[in-house]
Amino acid sequence: LGSGGLGPGPAAPSWMAGPSTPSHLGGGPPMQGYGSPVVAVRAHQPQQAVSFGGPAGTVGGPPVPPSPGMQKVIRRGDSNVAQVVGSLPTRSMTIKALNYKQPTQSNEASAVDADVSREAKNIFHRITLGENDTMSRLQLIRALIEDRTVCAFVLPGIDGLRLMDDDESYEAAHHLFNDLSKGRQRIRFQEFLANFRNSKVRHSNAKELKAIFERLDANRDNQISRHELLMCVKADKAVCEFFLKESRDNDLDEEEMSQQVDEVYKSICGSAKNFDFADFVAYFRSIARVEGCGLHTPIDRRQKRVLIIGPGFGAQMNPAQTQVVMQAGFQVHWVHHIPNPEEAEFQMLPHVSAIREAIDQVRPDLIMSGSKGGAYTVALWQMGYWRGPTVLINAHPSCTELPADVPIIITHGDQDPVYPRPRAELEALVSTGSTNMCFLYYSSTSGTLQSGHTPRVGDAHNMASLINFETLPRLMESVLCPEGPELHMMRTWLDRLAPPRMEAERMLGYTSQKLRSFWVSPQRQHGKTLDPEDLLFDVPANSLEFRWVSNAFRTPARDASTYGTVARDRWARMHLVRIQRIENQEQEEAGNLPYFNSVKNSCEGMGIEFVPGVHTRWLFHGSSAIDSIVSNPIQGFQPLASGSQGEAVWGRGTYFARDAEYVAAGPFCGMPAADGTRRMLMCLVTTGMSCAGDPAHHGILPLRRKPHRYNSSVDSVSSPEIFIVQHPGAAYPAYAITFAC
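Now for a look at the structure at hand. None of the values given here were measured: they were computed from a predicted structure. (Residues numbered from 1 in each chain as written. Predicted model: local features only at pLDDT ≥ 70, side-chain atom pairs only at ≥ 80, totals over all residues. Heavy atoms only, no water.)

1. A few points about the overall build of the protein
Working step 1: From N to C terminus, the protein includes 26 helices and 21 strands.
Working step 2: Per-residue burial over the protein gives 55% buried out of 741 residues.
Working step 3: Taking the intrachain contacts of the protein between residues at least 6 apart in sequence as the baseline, contacts between residues at least 24 apart amount to 72%.
Working step 4: Approximately 31,800 Å² of the protein is accessible, and the part contributed by carbon and sulfur atoms is 51%. (Helix = DSSP H or I, 4+ residues; strand = E, 2+ residues; numbered from the N terminus. Buried < 20%, exposed > 50% of the residue type's maximum accessible area, 1.4 Å probe, protein only. Contact = heavy atoms within 4.5 Å. Areas by Shrake-Rupley, 256 points an atom, 1.4 Å probe, with all protein chains shown as cover.)

The following block contains the structure:
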């Protein structure tokens, strides 16, 4: 590193280049690790190409008759469409097997790109029925209506059966064809492929879903029966948690598990005897957009080997950190008996060789070091001995550049007296790594209140925040996750919520589209904005919606608050008087929706999958001016003029709390009414990508990846309790809640 760059590293010994993984080491995904940069930690056979059509080219599922929706085409005025579609033959579910070639590139990104190409080719053949190499508008419309797998791939979130009844869906289909055809009558496959190859969402999902499907498909025939699914769910905890979310928090008996597997199976393939990979992808991509929270492959800690470089990690000086790691479920190995690398006239090479021998013996999935041990990690990178996932606790001064194509997490606190490094310097360091593969976990200090109190103090050298809320094990999981460490860490923030809160949020949805499904006002049907006094609608106390909002409001988080909240026994006695739904079409369409789309485009421009529930959140806001916020949100939410009760302890912006308890405990809701009640807002907030807050933030957040900036900031990147947004369109006040406690 430094002036010399990474360099090619020494030549690898011949025994490192064997054709297959030794049997005693087990299997596992391909990864980059020790040896020269061109030698992997585990030699492995390339995975077989996925045949979306199965061994005989069968797409999966029973023959689908033309949808009744097709008969409604004439009512749309498209008589030509109706005539041509009526003359199309009934779609055969068996097509000519496609002779896909197995990817030959060693680069993982190229292999994922090949997966996307195969999937796109399969979808294209389903649209054209394998008859030609171009697609017409009529063929696309027919396939969207009749084939839900095609619809989920081409227009995720759209119900093909309602295509001819729903104006937005109908227009989306035609806009898509116009965008791809660029004025021509037909679309060629290469044009179709180029559109979806550029979608970063598909890149991440293709790899992750493939990993889960391969765990199901033990006999590699690309067909999963109900029995196969049930047996795998019973035997494989990771698969069980992926399919049956409730199993994470409850022990399901055999009957409950069987019933839930039945429901999932029918949702994937209906009455068919089997489903294939294309059906599997279509189903899970569609529910990801309905439920939020996206898709990611669970990390099985029991199967992951971690090698820790002893000096500087704090086995004796910081035993709590060691205990957290040892109890997290990983296979932990240590490299002890190597000296402090910061001694005068220290010779690094002999001891780096000792670490290399340990890497050879352990075959780790992850290397972790802390403090002075970071010098050894930097040397491993420089010499080409390690190219695998790495966690570096404290940014050692010798670390001035990160190697390419290596997942890395660096943790640092702004109160570190041993290696004091400015935040801007650390952000620049992380930017030298590969896009979306490196993450800075930064523990920062808040501003000071007028009382002189500092609500939160950043970490010193021992990084105390890592031992709270299982933060260090979550960081270890994140650096191993294929989707990238930063996005995965943000996903884990949802796990800090209690199950009733998570379920309530999931049912309410994480998008304005889902939220508006609860609306009852005439504006929903007629597009007419109501007067301000008519924007509030009581949610019936006996409705499911009331129960979900109540659960989100009442349920405390799993983690104790840093700031203090209402006493738990007092909060349990809290009386929820009234819940009013806010139906402000003008605000949602003119303010919230455009900002949502801009953040979504920004995320995808950075190569990040935009995930409702991760990049949008349910949060609480207290104000004495709720009526103003409800009726005129531009004047109500004024990010650059607001802070925490006038004190911007984390920078300028509009502040939202994860927990209603926190809002109720402070002065945020203003003076109680005559009857002792107070009000707060439950808001759906587009938070996008979040960084650690800073009192020095004055409305402009740091660059994440040029030209894209972070979209919001938080008080802690471990378990955030406060979110700060800088744009008035970021938050939609969905519910006004009246309570007394």
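2. So, the nonpolar core
Working step 1: Core analysis: the biggest nonpolar cluster contains 98 residues, and Met368, Phe553, Trp618, Met680, Leu681, Met682 and Tyr735 have the highest contact counts within it.
Working step 2: It is strand β21 (residues 731-740) that provides the largest number of residues to this core, a total of seven residues.
Working step 3: Among the nonpolar cores identified, the runner-up in size contains 31 residues, and Leu307, Val362, Val406 and Ile410 belong to it. (Core = buried A, V, L, I, M, F, W, Y, C linked by side-chain atoms within 4.5 Å.)

3. Examining the packing of helix α13 (residues 348-362) against helix α14 (residues 374-383)
Two packed helices can be described by the angle between their axes and the distance between those axes.
Working step 1: Running from amino to carboxyl end, α13 crosses α14 at an angle of 80°, the nearest separation of the two axes being 10 Å. The angle between the axes of α13 and α14 places the two elements in the roughly perpendicular class. Within the contact between the two elements, α13 uses Met348, Leu349, His351, Val352, Ile355 and Ile359 and α14 uses Ala375, Tyr376, Ala379, Leu380 and Met383.
Working step 2: Along the lines of polarity and charge, the residues of the contact of α13 with α14 split into 10 nonpolar, one polar and no charged. (Axes fitted to C-alpha atoms, helices over the stretch in contact; angles between N-to-C directions. Parallel < 35°, antiparallel > 145°, perpendicular 65-115°, else oblique. Nonpolar A, V, L, I, M, F, W, Y, C, P; charged D, E, K, R; others polar.)

4. A short note on the packing of aromatic side chains
Working step 1: Here the structure, examined in full by the defined rule, presents 14 aromatic pairs.
Working step 2: An angle of 75° between the planes, with centres 5.3 Å apart, marks the rings of Phe124 and Phe189 as edge-to-face. Taken together, the residues span a long stretch of sequence, with Phe124 in helix α2 (residues 108-128) and Phe189 in helix α6 (residues 189-197) at a distance of 65 residues. Comparing Phe124 with Phe189 shows no difference in burial state: the two are buried. (Phe/Tyr/Trp six-rings, centres within 6.5 Å; stacked < 30°, edge-to-face > 60°.)

5. Notes on the sheet that holds strand β8 (residues 390-393)
Each strand in a sheet pairs with its neighbour through backbone hydrogen bonds, running either in the same direction (parallel) or in the opposite one (antiparallel).
Working step 1: Across the sheet, six strands lie side by side as β6-β5-β7-β8-β9-β10; this open sheet has parallel pairing. Here the strands that pair on one side only, and so sit at the sheet edges, are β6 (331-335) and β10 (438-443). Within the sheet, the average angular offset between the axes of one strand and its neighbour, ignoring direction, is 15°.
Working step 2: Along the sheet, helix α12 (residues 319-326) makes contact with β5 (305-309), β6, β7 (366-370) and β8, crossing β6 at roughly 140°.
Working step 3: Seen against the sheet, helix α15 (residues 423-431) touches β9 (408-413) and β10 and runs at an angle of roughly 165° to β10. (Pairing = 2+ DSSP bridges.)

6. Quick look at the environment of Pro612
Working step 1: Topologically, Pro612 is positioned in the loop between α23 (585-605) and β13 (616-621).
Working step 2: Separated by 102 residues in the primary sequence, Pro612 and Tyr510 have C-alpha atoms spaced 5.3 Å apart.

7. As for helix α10 (residues 254-269)
Working step 1: Between its terminal C-alpha atoms α10 stretches 22 Å, which fits the 22 Å expected from 16 residues at 1.5 Å a residue.
Working step 2: For α10, the set of buried residues is Met257, Ser258, Gln260, Val261, Val264, Tyr265, Ile268 and Cys269. Seen end-on, α10 carries its buried residues on one side only, within an arc spanning 165°. Away from the buried face of α10 by more than 90 degrees, exposed residues Glu255, Glu263 and Lys266 are located.
Working step 3: Where α10 terminates, the next one or two residues include Gly270, which has phi positive at roughly 65°. (Expected span 1.5 Å × (residues − 1). Arc of directions from axis to C-beta.)

8. Quick word on helix α8 (residues 226-235)
Working step 1: For α8, the complete set of buried residues consists of Leu229, Leu230, Cys232 and Val233. Mapping the buried residues of α8 onto a view down its axis gives an arc of 165°, with all of them on the same face. Summarising the geometry of α8, the exposed residues directed more than 90 degrees from the buried face are His227 and Ala235.

9. Things to note about the environment of Ile123
Working step 1: Mapped onto the elements, Ile123 comes out in helix α2.
Working step 2: In this structure Ile123 comes out as buried when scored by relative accessible area, which is 2%.
Working step 3: Along the chain, Ile123 and Val154 lie 31 residues apart, while their C-alpha atoms are 8.6 Å from each other.
Working step 4: Beyond its immediate stretch of four places on either side in the chain, Ile123 contacts Thr149, Val150, Phe153, Val154 and Phe192.

10. Thoughts on the pairing of strand β12 (residues 575-582)
Working step 1: The pairing of strand β11 (residues 536-538) with β12 spans three bridges and is antiparallel. For Leu536, the partnering residue across the bridge sits in β12 and is Ile582.
Working step 2: Bridge analysis of β12 against β21 gives six bridges, and the strand direction is antiparallel. The partner of Arg581 across the bridge, within β21, is Tyr735.

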